[in-house]
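Structure at a glance
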Number of protein chains: 2
Amino acid sequence: MSDLLERLRGRGWRMTPQRRVVAEVLAGEHVHLTADEVLARAAARLPEIARATVYNTLGELVALGEVAEVAIDGRAKRYDPNAHRPHQHLVCSGCAAVRDVRPDGDPLADLPAAERFGFTVLEVEVTYRGLCADCA
Amino acid sequence: MSDLLERLRGRGWRMTPQRRVVAEVLAGEHVHLTADEVLARAAARLPEIARATVYNTLGELVALGEVAEVAIDGRAKRYDPNAHRPHQHLVCSGCAAVRDVRPDGDPLADLPAAERFGFTVLEVEVTYRGLCADCA
DNA sequence: ATATTGACTTGGACCAAGTCCATTGTAGGA
DNA sequence: TCCTACAATGGACTTGGTCCAAGTCAATAT
């Protein structure tokens, strides 16, 4: 779980208690916390951490490519530490649970030239929606 | 363009000047306005229209299935009158232009059973990102 | 070990998007 | 034309997020 910490240190990222707890909170698979959830969990370990620090740190982790920002609903953005592997998301419309998934094939290839309107298409973001086993 | 109005009338939707201008503003292809943009354009025709009315009306159009709500970025939701035909979106990272596109195949079919985690998958939302001809 | 300093953190004000609600207005049927 | 249920209003409120001036501290150089 602390390979994220390792990588950050290796990249010369200045380590502070605040940054460390934010990175620790984000460790793991299928983690998709909102900024406020990150703040709440970080504050449980380090009560004086400021909200702005959480936003700053998340923003840097995103800029470094270590964490992905995902806009699953129109509400708060979520932060996904599983950024090193390309993947998509499966979301439960009932309870908002999120799973990382890897569809077959390359979704980018499914967009024919005639539908590209002269764009240079660089990436694709797929969100599957449905009901999880508990909500069905 | 006013087939939207027709359909709404046909479904017994109570027509008012406010609802009519909102529906008119949304008419057309490749239209993806934010609520505030809808408000601004509606207000150009009907200056006393209230913000809450625009939100209410958009919410009803979405509930009726006549307009789709799309969360293209983490910012304001956009409203897409092209809801009768399933389609996906192609977004320019430079200027935020949005085009409706129809990829080959069914993206839903690309998610193997092993990656469904017991979910009943009902729909899929795909956002292609890149640079348009002008921004490239 | 200590001084230095530029980067990091803080907290509070501010902003944008959206919701809520009590009041007022009106579309459309009798 | 009158009623009344439904719609619109506007202003307060909430949520999610950004900004900034001031204070603090991690890392480096001495």
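Residues numbered from 1 in each chain as written. Chains lettered and ligands numbered in written order. Predicted model: local features only at pLDDT ≥ 70, side-chain atom pairs only at ≥ 80, totals over all residues. Heavy atoms only, no water.

1. Quick look at the protein's contact with DNA strand D
Around DNA strand D there are 19 residues in total, and A:K77, B:T16, B:Q18, B:A50 and B:T53 lie nearest to it. By atom count, sugar and phosphate contribute 82% of the portion of DNA strand D lying within 4 Å of the protein. The side chain of A:Y55 places a nitrogen or oxygen atom 3.1 Å from a phosphate oxygen of DNA strand D. Within the contact set of DNA strand D, a phosphate oxygen lies 2.9 Å away from a backbone nitrogen or oxygen of B:E48. (Near = heavy atom within 4 Å. Polar contact = N/O pair within 3.5 Å; in protein donor to acceptor, adjacent residues only side chain to side chain.)

2. Digging into the relation of the copies chain B and chain A
The two copies are related by a screw motion: chain B maps onto chain A through a turn of 180° and a shift of 0.0 Å along the axis, at an RMSD of 0.1 Å. Classification of the inter-copy transformation places it as that of a two-fold axis. For chain B, the residue whose C-alpha comes nearest the rotation axis is B:V126, separated from it by 2.3 Å. The share of interface residues of chain B whose copies in chain A are also at the interface is 100%, consistent with both copies meeting through the same surface. (Least-squares fit on C-alpha atoms with pLDDT ≥ 70 in both. Contact = heavy atoms within 4.5 Å.)

3. What to know about the domain arrangement of chain A
Residue and element names in this part refer to chain A. Domain annotation for chain A reports domain 1 (3–80) and domain 2 (88–130). Taking only C-alpha atoms, the centre of domain 1 and the centre of domain 2 are 24 Å apart. Contacts between the two partners involve five residues from domain 1 and, on the opposite side, six residues from domain 2. When domain 1 packs against domain 2, the two sides together hide about 660 Å² of surface, and 50% of this comes from carbon and sulfur. Sorting the residues of domain 1 by area buried against domain 2 places H30, H32 and I72 first, and these three jointly supply 73% of that buried surface. Applying the counting rule to domain 1 against domain 2 returns zero salt bridges. In this assembly, domain 1 and domain 2 are joined by six residue pairs in polar contact (both at pLDDT 80 or more). (Domains from an automatic or database assignment. Buried area = accessible area lost by both parts, 1.4 Å probe. Salt bridge = Lys/Arg side-chain N within 4 Å of Asp/Glu carboxyl O.)

4. A few points about empty space enclosed by the protein
Which parts of space are left empty comes out when a probe the size of a water molecule is rolled across the atoms. All chains considered together, the criterion is met by two cavities of 30 Å³ or more. There is about 70 Å³ of room inside the largest cavity. A:A71, A:I72, A:E125, A:T127, A:R129, B:A71, B:I72, B:E125, B:T127 and B:R129 are the residues that line the largest cavity. Put simply, the parts of the chain that give the lining of the largest cavity at least two residues each are β6 (120–131) of chain A together with β6 (120–131) of chain B. A class-by-class count of the residues in the lining of the largest cavity yields four nonpolar, two polar and four charged. Its boundaries defined by the atoms lining it, the second largest cavity holds a volume of some 60 Å³. Mapped by element, the contributors of at least two residues to the lining of the second largest cavity are β6 of chain A together with β6 of chain B. Its residues placed into classes, the lining of the second largest cavity shows six nonpolar, no polar and two charged. (1 Å grid on protein atoms, 1.4 Å probe; cavity = no way out; pocket = protein on both sides within 12 Å on 5 of 7 lines; lining within 4 Å. Points joined across faces, edges and corners; volume = space filled by probe spheres on them. Helix = DSSP H or I, 4+ residues; strand = E, 2+ residues; numbered from the N terminus. Nonpolar A, V, L, I, M, F, W, Y, C, P; charged D, E, K, R; others polar.)

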